[in-house]
Amino acid sequence: MLRRRLTSGLVKAGEITLLTRDTLRQAVRRPFEWVALLEQIESIGLRSMSVVVLTGIFSSMVITIQFAFQLARFGAKEWAGNAVGVTLARELGPVMTALMVGGRVGAGIAAELGSMSVTEQIDAVRVLGADPIKKLVVPRVLALLLVLPLMTATAVVLGLIAGGVIASLEPDVHLDYFLSAALRSTTLEDFFSGLVKTLFFAFNIAMVACHLGLSTRGGTVGVGRATTETVVVTSVVTLVSDFILTKLFLAIGIG
């Protein structure tokens, strides 16, 4: 059983690698699918903004409460802004945004492409002389690469404000001091390292979702299986890649 799963995982990793190669080739070939790209930006970005904002706000409020409570034990409650700012910019903002987008958008991409696959619409695209990767995969990959950093930046900023509001409810912490401390301790290096991570997260989410959607077989049951697998795989890949990128950034002096 373990050997079979390992073999299946290696095969899927190889297929995703080949799909990545073909996607990069098609992304630089003309003509560019501008209309499809704009449609995907609207579908992936605007329709996901509400859940991303809510996730960023409430996650920030939770860690602000935790930091304020724990630091108060050492008489350092006023340092909560410093800790929250760095945590949001470097880790919590990028990772939580990627997990939410991977769950919502990744599952949507897999379901959409999976439905097209089982109903032979992708084969029809090939018959018409078009490349399914250029028509279907490239716009989704580029859209995710464009909107995920923007959504992450929005989540970080709004989360920081929400954390400051919650912290200001404590008697020894003021909103102005919380925000100034967070901005003073959070450098542009912290902020941009988080945004760089989102580019890797976005690419991984898009490639996994597109591969599982295009390889869907077995009718509606296969579509449901591909959708579920996409949510699980994108979440795991996001967390693993976050660990690898964090270690890499610290090794090269970015962290």
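Nothing here was measured: the structure is a model prediction, and the numbers come from that model.

> With reference to specific residues and values, describe unusual backbone geometry.
In this structure, proline 31 follows arginine 30 across a cis peptide bond, with omega equal to 0°. With respect to the element layout, proline 31 can be found in the loop between helix 1 (2-27) and helix 2 (34-44). In this model, glutamate 120 sits at a positive phi of 65°, which is unusual for a non-glycine residue. Look at glutamate 120 and you get exposed, because its relative accessible area is 53%.

> An account of the pattern of salt bridges is requested, with residue identities and associated values reported.
For the structure shown, the criterion picks out nine salt bridges. In this structure, glutamate 91 engages lysine 197 in a salt bridge whose closest nitrogen and oxygen atoms are separated by 2.5 Å. Here glutamate 91, found in helix 4 (residues 80-118), pairs with lysine 197, found in helix 8 (residues 188-214); they are 106 residues apart in sequence, far enough to count as distant. Given a relative accessible area of 25%, glutamate 91 falls into the partly exposed group. Given the relative accessible area of 3%, lysine 197 is considered buried. Note that arginine 126 is salt-bridged to aspartate 123, the shortest N-O span being 3.2 Å. Here arginine 126 pairs with aspartate 123, and both are found in helix 5 (residues 121-127), just three residues apart, close to one helical turn. Of the residues examined, aspartate 123 reaches a relative accessible area of 40% and is grouped as partly exposed.

> I'd like a rundown of the environment of valine 208, residues and numbers included.
Examined against the element boundaries, valine 208 turns out to sit in helix 8. Judged by its relative accessible area of 7%, valine 208 is buried. Here the alpha-carbon distance between valine 208 and glutamate 112, two residues 96 residues apart in the chain, equals 14 Å. Here valine 208 is in contact with Ile16, Val233 and Thr234, once residues within four sequence places are set aside.

> So what's going on with the side chain of glutamine 26? Residues and values would help.
As for its placement among the helices and strands, glutamine 26 is situated in helix 1. Setting aside anything within four residues of it in sequence, one finds glutamine 26 in contact with Asp131, Ile133, Lys134 and Val138.

> So what's going on with the side chain of threonine 20? Which residues, and what values?
Among the secondary structure elements, threonine 20 is positioned in helix 1. On the basis of relative accessible area, threonine 20 is assigned to the buried category, the value being 17%. For threonine 20, the side chain forms a polar contact with the main-chain oxygen of isoleucine 16, separated by 2.8 Å. When residues no more than four places from it in sequence are discounted, the contact partners of threonine 20 are Phe203 and Met207.

> So what about helix 2? Which residues, and what values?
Where helix 2 is concerned, the buried positions are Ala36, Leu37, Gln40 and Ile44. The arc enclosing the buried residues of helix 2, seen along the axis, measures out at 100°, which places them on a common side. Summarising the geometry of helix 2, the exposed residues directed more than 90 degrees from the buried face are Trp34, Val35 and Leu38. Buried residues belonging to helix 2 abut helix 4 and helix 6 (132-167).

> Mind laying out the nonpolar core, listing which residues take part and the relevant values?
Counting residues in each nonpolar core, the largest one holds 34 residues, and the members touching the most others are Val101, Ile109, Leu113 and Leu144. At the level of secondary structure, the elements contributing two or more residues to this core comprise helix 2, helix 4, helix 6, helix 8 and helix 9 (219-251). Tallying contributions element by element places helix 6 first for this core, with eleven residues. Beyond its immediate stretch of four places on either side in the chain, isoleucine 109 contacts Gly114, Arg140, Leu144, Ala209 and Cys210. In this structure, Leu88, Val156, Phe178 and Ala182 belong to the second largest nonpolar core, which totals nine residues.

> I'd like a rundown of a nonpolar patch on the surface, residues and numbers included.
A grouping of Val157, Leu158, Ile161, Val165 and Leu175 is seen on the molecular surface, where their side chains present a nonpolar patch of about 360 Å² in accessible area. Sorting elements by how many residues they give to the nonpolar patch places helix 6 first, with four residues. By secondary structure assignment, the location of isoleucine 161 is in helix 6.

Calculation notes
- Residues numbered from 1 in each chain as written.
- Predicted model: local features only at pLDDT ≥ 70, side-chain atom pairs only at ≥ 80, totals over all residues.
- Heavy atoms only, no water.
- Helix = DSSP H or I, 4+ residues; strand = E, 2+ residues; numbered from the N terminus.
- Buried < 20%, exposed > 50% of the residue type's maximum accessible area, 1.4 Å probe, protein only.
- Salt bridge = Lys/Arg side-chain N within 4 Å of Asp/Glu carboxyl O.
- Contact = heavy atoms within 4.5 Å.
- Polar contact = N/O pair within 3.5 Å; in protein donor to acceptor, adjacent residues only side chain to side chain.
- Arc of directions from axis to C-beta.
- Core = buried A, V, L, I, M, F, W, Y, C linked by side-chain atoms within 4.5 Å.
- Patch = residues over 30% accessible without salt bridge, like charges linked within 9 Å, V, L, I, M, F, W, Y side chains within 5 Å.
- Areas by Shrake-Rupley, 256 points an atom, 1.4 Å probe, with all protein chains shown as cover.

Keep in mind these values describe shape, not function.
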